[in-house]
Amino acid sequence: MFAELFLPNTQLLSFEEIKIDANPILITVASARDYAKCPYCQASATRKHSRYFRTLSDLPCGDRAVKICWEAKRYFCDNYNCVRLTFCDQLPEVTARYARKTRRLLKKQLQIGFNPSAEAGKRLALLLNFVISGDQIIRLDHSVPNPDTPTPRVLGIDDWAIRKGQTYGTILVDLEK
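This is a predicted model, so every value here is computed, not measured.

Draft legend 1. Representation of the packing of aromatic side chains in the model. Taken as a whole and assessed by the stated rule, the structure comprises 1 aromatic pair. Positioned above the aromatic ring of Tyr35 is the side chain of Arg33, whose terminal nitrogen or guanidinium carbon lies 5.8 Å from the ring centre.

Right, here's the structure in full:
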C-alpha cells in the first residue's frame, strides 16, 4: 500500500523502508531490476560493480516534505568494444540524470512557475510545501522550449523616444492579429 502512495513508479522501484517520524519523510527504495542497459553501447549488463545512494525530493505528503533515498547500482559493461568499463543504472521515468528531484515534483513546480510572477509562485509553492526559490522558478520557465509561432505576414513597426537623445524603443506588431 505504501508503494502506490509514495513511489513515483512501482514497476521500476521496490520499496525498502520508510521513516515517518522525521520532518522530511524518508523513503528508502532500490531498483526493482537486476540488470541495466549500458547507455553507450546498449548492451545488457547483470554484473554489479558497486552501489551508492541518491537523495531525491518528491511531492509532499500533507505538511511534510518527502525525500526518496534511492539505492542506485553501478554495473560492469561486458561489451569489450564499449569505451565505458562501468556505468550507473538510470531511471529516466523517475528522474533525470544528475537531478535532485523526481519528474512528478518537477512537473508540479513547472505548473506553479507559469504564474505571472516568480515570487508569487514561490509563495504558492510554500503553501503547498514545495521548497523552491523564485530564481529556480525562473530557470524552470526558461528551460521549457517556446511554442513555435508562425512568421507574421503583415508587420507593423513603430519607434518612440523614452528620453529624447538618450533612449529609444522599437515595437514590432503582427497587424493581422
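Draft legend 2. Quick look at the pattern of salt bridges. Taken as a whole and assessed by the stated rule, the structure comprises 5 salt bridges. With its nearest N and O atoms 2.5 Å apart, the salt bridge here joins Asp58 to Arg104. With Asp58 in strand E5 (residues 48-61) and Arg104 in helix H2 (residues 103-113), the pair connects residues that are 46 residues apart, well separated along the chain.

Draft legend 3. Main features of unusual backbone geometry. Here the phi dihedral of Gln42 falls at roughly 65 degrees; this positive angle occurs in a residue that is not glycine. Structurally, the position occupied by Gln42 is in the loop between strand E3 (36-37) and strand E4 (44-45). Positive phi, close to 65 degrees, is recorded for Tyr98, a residue that is not glycine. Checked against the element boundaries, Tyr98 lands in the loop between strand E7 (86-88) and H2.

Draft legend 4. Layout of the environment of Cys88. Checked against the element boundaries, Cys88 lands in strand E7. What makes Cys88 buried here is its relative accessible area of 17%. Considering only alpha carbons, one finds Cys88 and Ser50, 38 residues apart in sequence, at a separation of 9.3 Å.

Draft legend 5. Expanded view of a nonpolar patch on the surface. On the surface, a cluster of nonpolar side chains totalling about 530 Å² of accessible area is made up of Val154, Trp160, Ile162, Ile171, Val173 and Leu175. For the nonpolar patch, the secondary-structure elements that each account for two or more residues are strand E8 (155-163) and strand E9 (167-174). Assignment of secondary structure puts Leu175 in the segment after E9. By relative accessible area, Leu175 is classed as exposed at 55%.

Draft legend 6. A look at the confidence of the model for the chain. Confidence along the chain averages 82 in pLDDT terms, with 92% of residues attaining 70 or more. When mean pLDDT is taken per element in the chain, E7 scores highest with 89 and helix H1 (residues 2-6) scores lowest with 58.

Draft legend 7. Fine view of the side chain of Ser57. Mapped onto the secondary structure, Ser57 falls in strand E5. Polar side-chain contacts of Ser57 include one of 3.0 Å to the side chain of Lys67. Those residues in contact with Ser57 that sit more than four places away from it in its chain are Val66, Lys67, Arg100, Lys101, Thr102 and Leu105.

Draft legend 8. The state of the cysteines, seen in detail. Overall, the coordinates contain 0 disulfides when judged by the stated rule. Cys41 takes part in no disulfide bond, and the closest cysteine sulfur, belonging to Cys77, lies 3.6 Å away. What makes Cys41 partly exposed here is its relative accessible area of 25%.

Cut-offs used in this document
- Residues numbered from 1 in each chain as written.
- Predicted model: local features only at pLDDT ≥ 70, side-chain atom pairs only at ≥ 80, totals over all residues.
- Heavy atoms only, no water.
- Phe/Tyr/Trp six-rings, centres within 6.5 Å; stacked < 30°, edge-to-face > 60°.
- Lys NZ or Arg CZ within 6 Å of the ring centre and 35° of its normal.
- Salt bridge = Lys/Arg side-chain N within 4 Å of Asp/Glu carboxyl O.
- Helix = DSSP H or I, 4+ residues; strand = E, 2+ residues; numbered from the N terminus.
- Buried < 20%, exposed > 50% of the residue type's maximum accessible area, 1.4 Å probe, protein only.
- Patch = residues over 30% accessible without salt bridge, like charges linked within 9 Å, V, L, I, M, F, W, Y side chains within 5 Å.
- Areas by Shrake-Rupley, 256 points an atom, 1.4 Å probe, with all protein chains shown as cover.
- pLDDT = per-residue confidence, 0-100.
- Polar contact = N/O pair within 3.5 Å; in protein donor to acceptor, adjacent residues only side chain to side chain.
- Contact = heavy atoms within 4.5 Å.
- Disulfide = S-S within 2.5 Å.

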